[in-house]
Amino acid sequence: MKFHKIKEVSALVDLKLSVQFTNGTTKIYDVAPLMHRFSVFKLLEDESLFRDVVVDQGGYGIIWNDDLDLSCDELWENGTEVATPFDGLISFSDASELWGLSESTLRKAVAYGKIVPGVDARKYGKQWIINREAMMREYGNPVC
């Protein structure tokens, strides 16, 4: 089974979440419908609790507390994809996990010009960021 692992989550207004996945996709998820279906989610009407949302360890879901969580599959399947200026940008660590490669393989690809610095990838501080299209061009579809 393929998981759409979560990189980051942010609470927005009107009980909506911005969810960034490791593959570079951003989706908006509306929590309000869950409140009508499952009474436990009514606790999220408390704005301070709603804003306490975090990605669970491993990126397989998000959590508010021991009783409130959502899986990455729920967020992926029922979230609405939105365009952002950062779409398709992936860290080397996330790209190496998605494609089953080592980060050193990606750094070597940059050094040998297979991945073009400043076009396909760029280093910010100590972190390399790569364009998803460059990964697809050079390595095909992600393995996970």
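Look above for the structure.
Residues numbered from 1 in each chain as written. Predicted model: local features only at pLDDT ≥ 70, side-chain atom pairs only at ≥ 80, totals over all residues. Heavy atoms only, no water.

Draft legend 1. Spotlight on the pairing of strand S10 (residues 127–131). Judged by which residues are buried, S10 turns out to be one-sided: Trp128 and Ile130 face inward and are buried, whereas Gln127, Ile129 and Asn131, on the alternate face, are not. Here strand S8 (residues 89–91) pairs with S10 via three bridges, running antiparallel. Along S10, the bridge assignment pairs Ile90 with Ile130. As defined by bridge partners, strand S9 (residues 121–124) adjoins S10 across four bridges and the pair is classed as antiparallel. Residue pairing across strands places Tyr124 opposite Gln127, the latter belonging to S10. Taken together, S9 and the strand that follows it, S10, pair antiparallel across an intervening segment of two residues, in which Gly125 is found at a positive phi of about 65°. (Buried < 20%, exposed > 50% of the residue type's maximum accessible area, 1.4 Å probe, protein only. Helix = DSSP H or I, 4+ residues; strand = E, 2+ residues; numbered from the N terminus. Pairing = 2+ DSSP bridges.)

Draft legend 2. Structural context of helix H5 (residues 103–111). Of the positions making up H5, those classed as buried are Leu106, Ala109 and Val110. Along the long axis of H5, the arc covered by the buried residues comes to 100°, so they all point the same way. Here the buried face of H5 lies against helix H4 (92–99), S10 and helix H6 (132–139). Where H5 ends, the next residue or the one after it, Gly113, has phi of about 80°, a positive value. (Arc of directions from axis to C-beta. Contact = heavy atoms within 4.5 Å.)

Draft legend 3. Here's a closer look at the pattern of salt bridges. Applying the stated criterion across every chain yields a total of seven salt bridges. For Arg107, the salt bridge is made with Glu103, and the minimal N-O distance between the two is 3.8 Å. Taken together, the residues span about one helical turn, with Arg107 and Glu103 both in helix H5 at a distance of four residues. With a shortest N-O distance of 2.8 Å, Arg137 and Glu138 are connected by a salt bridge. Salt bridges sharing common partners tie together Asp120, Arg137 and Glu138. (Salt bridge = Lys/Arg side-chain N within 4 Å of Asp/Glu carboxyl O.)

Draft legend 4. Structural view of the side chain of Gln20. Relative to the elements of secondary structure, Gln20 occurs in strand S2 (residues 16–21). Of note is the side chain of Gln20, whose polar atom sits 2.7 Å from the side chain of Ser18. Setting aside residues up to four positions removed in sequence, Gln20 forms contacts with Ile6, Lys7, Glu8, Val9, Thr25 and Thr26. (Polar contact = N/O pair within 3.5 Å; in protein donor to acceptor, adjacent residues only side chain to side chain.)

Draft legend 5. View of a nonpolar patch on the surface. Where nonpolar side chains cluster on the molecular surface, the patch consists of Phe38, Val40 and Leu43 and spans about 240 Å² of accessible area. Following the sequence through the fold, Val40 ends up in the loop between helix H1 (32–37) and helix H2 (47–50). (Patch = residues over 30% accessible without salt bridge, like charges linked within 9 Å, V, L, I, M, F, W, Y side chains within 5 Å. Areas by Shrake-Rupley, 256 points an atom, 1.4 Å probe, with all protein chains shown as cover.)

Draft legend 6. A look at H6. For H6, the N-terminal cap is Asn131; the gap from its side-chain oxygen to the backbone nitrogen of Glu133 is 2.7 Å. Positive phi appears at Gly140, one or two residues downstream of H6, with a value of about 80°.

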